[in-house]
Each structure stands twice: as C-alpha cells, then as structure tokens.
Amino acid sequence: MWQMAAGLLAGSCAVLSLPQVPPVALACACLCASVAGACVWRRAWLLGPGVGFWLTALQLNAALADRLNPSLEGQAVRVRGVVTSVPQGTLDVLKFRFSPLPDGDSRVLPRLIELTWYDAPTRVDAAETLELEVKLRRPRGFANPGGRDNEARMLRDHVGASGYVRSGARLGRESNAAFKHPVLLARARIASIIREALGERPSAGIVAGLAVGLQDALSRDQWLQLSRSGTSHLMAISGLHIAMVAAVFAWLGGQVQRFRQRRGATGATRDASVVAAAVAALGYSLLAGW
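What you are looking at is a predicted structure, and each value in this text was computed from that prediction instead of being measured.

Asker: I'm lost on the overall build of the protein chain in this one. Help?
Answerer: Check the secondary structure of the protein chain and you find ten helices and six strands. Viewed in the frame of its principal axes, the protein chain has a C-alpha envelope of about 65 × 65 × 45 Å. Looking at the protein chain as a whole, 32% of its 290 residues qualify as buried. Charged side chains in the protein chain number 32 positive and 20 negative. The centres of these two groups are separated by 9 Å.

In structure tokens:
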C-alpha cells in the first residue's frame, strides 16, 4: 500500500515540477505506460506514478480551462447566478463568491467568481440568486518569494475570475436552496446567531471566526493585536482546531458509551469514541469552510 501511495505522490509531484502543465495526450500516454508496466512486471504499485501524473494533469488542465475568456476581461457583463459563500465585510466593501447560472449566453463564464461590491445598497444572503452587472478579470496577483501567491490560491480554490459589481438586483432564494446548499446555509445561520447573541462585544468576531471560519468578523484592531502577539495563526482553522474538537467529542462519546454499558448495552468504548471523533471532525471541517 505504501508503494502505491508513494507512486501517486511521485506522479503528482512530477507534474507540479514542470514549467508548464503537460497536455492531456501526454498524461494519457504516461497512464498507458504505467498500466503496461504493471501488467508486464505484475506489480500493482507501478500504476501509482502513472495514475498520479494523469489525475494531476487532468485537474490542472480543467482548472486552467475554466478561467475567464480574455475577450471578456474589463467588459461590463450582465450575469445571473447564486451566492456560494457567506458574504463577508460591510456595505462599504462586501465580498462574496458567485456561481453564474447557465442562461444560454454564448459567452461562457467560469463556474466560480470572486466579487467585491463597493457601496452595496443592501447585504446579500448566502445561496441567494442575484442579477448583476460586473466587470471581471482573469486571476492574477504578485508572486514574490515568501509572499502570498494570489493566483495560485485562486487556482487551488477553483476560482476562474475576480471582479467588482457595478449594479445588481436581489432575486431571493430558490425554493430548493436548502437542499442544494445545506452546509452553506448552516454556516450563515450559525454566524447570524452568534452576532445576534453577542452583539457588539469584541468576542463576537473571535467566536464567529473559530466556529464557522469567517475571518472578516474580526476588526482591524483585533487582527493587529493578534499579529503583534504572534497568535494570528490561531484564527485560521487548521488541523489543530479539528483535532481539538475531535478529542472533545471522542471523550464525550466514550462517556456516553460507558453510561450505556452500565445499563446493559454492548459495544466497545473505543469504537464509540472513534465514531464520535470522526463525525465531529467531519462536521467541523464542513462548517469551517472545508
């Protein structure tokens, strides 16, 4: 098994080390060569490098193909779509991700766009349908060594364009929005409950950030204090946070199972702890934005 995993990793790293994305034909050729080698030498792990190379090349080609058409860059485009993130910021600067709906227009837009709405007339809701006039541009950003590579981030997040809203209208949520976007609506609802319960308290932003991963909930002064104290990384949901939540629920699951055992129930306490931890880790990862 470790040989197969190492082969998959090696194939993926081979693609990422190239100066440009290999064409699909080359990826398919590498996959065929890997299959042939596994059949000739009867070693299943030889499939790993070819499969890793093929999958990584296909995903990169698909992501790069889903970018804004250069002919649409800087033009005013009328688009109808759905808000696919919890909107962050204030009415002065409102940021959200937007997924265009197919409307028969020959100008195909990326499946996911990052938008900024300056001086928005009203807040928009998660999973809400909007009709907007936007100006878009292809992913770009600084790539200084040691700095943040915005273009790479957009590629990882499958964002094909960014831009700003010139004007727009709210069309409300579809009747089946809860079935299409259950996690997104749950995150938005939890954030709303936290804001209503804590009001203007400084802790409201920290609780919202740790609960559902909304980092804009913190004020500029709070970010400055966290940066000066070297603790700003604690507000970025990571494996540490997920492990802590999993540990708490593992302990709770074990306690519940011991209580049930005293009343005649069967089943190992360890198994109950593992299941509780796994479910809690998955749920928290979803609520934090994955």
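Asker: So what exactly am I meant to see when it comes to the packing of aromatic side chains here?
Answerer: One pass over the full model with this rule turns up one aromatic pair. Pairing F96 with F98 gives two aromatic rings, centres 6.5 Å apart and planes at 75°, and the pair type is edge-to-face. Both residues of the pair, F96 and F98, belong to the buried class.

Asker: Explanation requested: the side chain of R67 in the structure shown.
Answerer: Following the sequence through the fold, R67 ends up in the loop between α3 (47-65) and β1 (76-83). Within the structure, the side chain of R67 is placed 3.2 Å from the side chain of E151, a separation counted as a polar contact. The residues touching R67, leaving out its near neighbours within four places in the chain, are P110, R138, P139, E151, L155 and G160.

Asker: What's the story with the packing of helix α6 (residues 182-198) against helix α7 (residues 203-212) in this structure? I'm lost.
Answerer: Each pair of packed helices can be described by the angle between their axes along with the distance between the axes. Two elements in contact, α6 and α7, have axes whose closest approach is 9 Å; the angle formed by their N-to-C orientations is 160°. Accordingly, the angle class assigned to the pair α6 and α7 is roughly antiparallel. Crossing hand, α6 versus α7: right-handed. Together, R187, I190, A191, I194 and L198 of α6 and S203, A204, V207, A208, A211 and V212 of α7 make up the contact between the two elements. Across the contact of α6 with α7, the residue classes break down as nine nonpolar, one polar and one charged.

Asker: Looking at this structure, how should I read α3?
Answerer: With 19 residues, α3 ought to run about 27 Å at 1.5 Å a step, and its terminal C-alpha atoms sit 27 Å apart, in line with that. Of the positions making up α3, those classed as buried are G48, G50, G52, F53, T56, A57, L60 and A63. On its buried side, α3 packs onto α1 (2-16), α2 (24-41) and α4 (150-156).

Asker: Just checking my understanding: could you explain the pairing of strand β5 (residues 128-137) for this structure?
Answerer: Two faces belong to every sheet, and in a regular strand the side chains alternate between them. Where β1 lies against β5, seven bridges are found, and the strand directions are antiparallel. Across the sheet, V82 pairs through a bridge with T129, a residue of β5. Relative to strand β6 (residues 161-173), β5 runs antiparallel, the two sharing ten bridges. Within the sheet, the bridge partner assigned to L136 lies in β6 and is G163.

About the cut-offs
- Residues numbered from 1 in each chain as written.
- Predicted model: local features only at pLDDT ≥ 70, side-chain atom pairs only at ≥ 80, totals over all residues.
- Heavy atoms only, no water.
- Helix = DSSP H or I, 4+ residues; strand = E, 2+ residues; numbered from the N terminus.
- Buried < 20%, exposed > 50% of the residue type's maximum accessible area, 1.4 Å probe, protein only.
- Lys, Arg positive; Asp, Glu negative; His and termini not counted.
- Charge placed at Lys NZ, Arg CZ, Asp CG, Glu CD.
- Phe/Tyr/Trp six-rings, centres within 6.5 Å; stacked < 30°, edge-to-face > 60°.
- Polar contact = N/O pair within 3.5 Å; in protein donor to acceptor, adjacent residues only side chain to side chain.
- Contact = heavy atoms within 4.5 Å.
- Axes fitted to C-alpha atoms, helices over the stretch in contact; angles between N-to-C directions.
- Parallel < 35°, antiparallel > 145°, perpendicular 65-115°, else oblique.
- Left-handed = near helix turned anticlockwise from the far one by under 90°.
- Nonpolar A, V, L, I, M, F, W, Y, C, P; charged D, E, K, R; others polar.
- Expected span 1.5 Å × (residues − 1).
- Pairing = 2+ DSSP bridges.

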